[in-house]
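Below are the chains, spelled out letter by letter.
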Amino acid sequence: MNDNELITMVRESVADVHTVTPVAQVISRGRAVRARRRIPGVAGTLAVAAGTALAVTTLLPSGHQGLLGSGHPGRHPASAQLAAWTVARQVNGDIDVTIHQLQDPAGLQRTLRADGLPVTVSFSGSPLSASCQPYDTGRDILSAVAHFHTSDGSAYLVINPSALPSGTGVSIFDEPGARVPLPSPHTPRHGQGSGSTAPAGITGPLAVALVYASQQCTG
Amino acid sequence: MGVGNQQLDFAEFYRSAADECLRAVLVSVGDQDTARELVDEAFARAWASWRTVSRHPAPEAWVVRTALNAGISRWRRRRREVPVPDPARLANPPAVSGASARLVDPLIMAAVMRLPARQRQVIALRLILDLDTARTAEVLGIAPGTVMAHLGRAMAALRHDLEPELQQENRS
């Protein structure tokens, strides 16, 4: 099979697919898009409402990097603990991540990868680097891989690596710009982080998603 | 250009480019319903910015890029829903109807979907939308050499996947 035959085959494989949406419907939708752009406040308000209603977001103050603390007793020896976040591998294989401050994403990424998790971590508001490709999946799979809860201004993330679909990894990132009302400054429970510092440069909700695993993206 | 003329201009563009854009996005995302939603949204945005898009050197590439970006945005929205398991909304998604599934060649589509996402995007833009290497590189934000490398790897993988199956089909 030469290149031309292969190209023809690929083209013909989808040749019967046609749009069915009338152009009038597209234009109507386009008008709505245009109108929405004229009221920027509306989008912002909706983002705040969604963030609040879903109760999945946490706003973590951006302060200085916390100092090293001691590991949790009785946990995996590879567990690491910083004022900004802690990582602990449980006996059932789950990885518990506690995030007090959105600091040192490279350190968190390194620690999680050392525990065998294909992961990319970004607290810079850019969820996907050019080397990462999103893996679009149903929420049931995503929920099996990871779930959040929040308490006392910290985010608790439990990751089950064994539930990851083959060839995928985890992306942990923040969502800046949501402009959710800021919580009171949070003081980390571990170490001596500067959580009492005014949260200048506050970031938005913390989020997790799946990506295609690759050396460049997830290590 | 008046609004009436703009509508005619856009409608002509939609009629001429919509099918190709849909096929390109389909090859990239693999699911017809998703591809249709993304392309509809991208064309709506194209109309919302038609003064700009109509002057784009390759407006169909703009639409496909916008559709793929919308897919990423959708992915980003979806991930926020992780911690809120809502049994009512976690029901199985509707299955692709038989008629819809028959529109694509399942053997070839399966082989395409086994490619990495970036290679699928290159296939979509280079082979389905028929963009040249430079335009494909611009749309994807990568170097032309990288486009050629991805295309070469994708073609090799497809050939490797499809040839044995086609030979078997021919024998039977």
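Please read these numbers as outputs of a predicted model, since none were measured by experiment.

Q: Help me understand helix 2 (residues 32-48) of chain B, please; the structure alone is not making it clear to me.
A: Residues spaced three or four apart along an α-helix face the same direction, because each turn holds 3.6 residues. Given a rise of 1.5 Å per residue, 17 residues ought to cover 24 Å, and the 24 Å separating the end C-alpha atoms of helix 2 of chain B matches this to within 8%. Most of helix 2 of chain B is tucked away: 13 of the 17 residues are buried.

Q: Please explain the environment of His-100 of chain A as it appears in this structure.
A: Position of His-100 of chain A among the secondary structure elements: in the loop between strand 3 (95-99) and helix 4 (105-114). Taking the C-alpha atoms as reference points, His-100 of chain A and Ala-155 of chain A, separated by 55 residues in sequence, lie 6.6 Å from one another.

Q: It is not clear to me how unusual backbone geometry should be interpreted in this structure. Could you clarify?
A: Working note: non-glycine residues mostly have negative phi, and peptide bonds are mostly trans. All names here are of chain B. Its identity is not glycine, yet Asp-130 carries a phi of approximately 65°, on the positive side. Of note, Asp-130 is situated in the loop between helix 7 (117-128) and helix 8 (133-140). Accessibility expressed as a C-beta count within 10 Å gives 14 for Asp-130, which makes it partly exposed.

Q: What is the right way to look at the confidence of the model for chain A in this model?
A: The predicted coordinates should not be examined in detail at positions where pLDDT is low. Residue and element names in this part refer to chain A. Per-residue confidence for chain A gives a mean pLDDT of 66; residues scoring 70 or more make up 59%. The model gives residues 39-82 a pLDDT under 50, and that stretch makes 107 contacts with residues more than four places away or in other chains. Counted against residues more than four places away or in other chains, residues 177-203, with its pLDDT under 50, gives 81 contacts.

Q: Would you explain the sheet that holds strand 7 (residues 168-174) of chain A in this entry?
A: Strands belonging to one sheet form pairs held by backbone hydrogen bonds; the direction of such a pair is parallel or antiparallel. Residue and element names in this part refer to chain A. Strand order across the open sheet formed by 3 strands is 4-7-8, with mixed pairing between neighbours. The open sheet terminates on both sides in strands that have one partner only, identified here as strand 4 (119-122) and strand 8 (206-212). Sheet twist, expressed as the mean angle between neighbouring strand axes with direction ignored, is 20°. Bridge count between strand 7 and strand 8: 7 bridges; the pairing is antiparallel. Of the residues in strand 8, the one forming a bridge with Gly-169 is Val-211.

Rules and cut-offs
Residues numbered from 1 in each chain as written. Chains lettered and ligands numbered in written order. Predicted model: local features only at pLDDT ≥ 70, side-chain atom pairs only at ≥ 80, totals over all residues. Helix = DSSP H or I, 4+ residues; strand = E, 2+ residues; numbered from the N terminus. Expected span 1.5 Å × (residues − 1). Buried ≥ 20, exposed ≤ 12 C-beta atoms within 10 Å, placed from the backbone. pLDDT = per-residue confidence, 0-100. Contact = placed C-beta atoms within 7 Å. Pairing = 2+ DSSP bridges. Axes fitted to C-alpha atoms, helices over the stretch in contact; angles between N-to-C directions.

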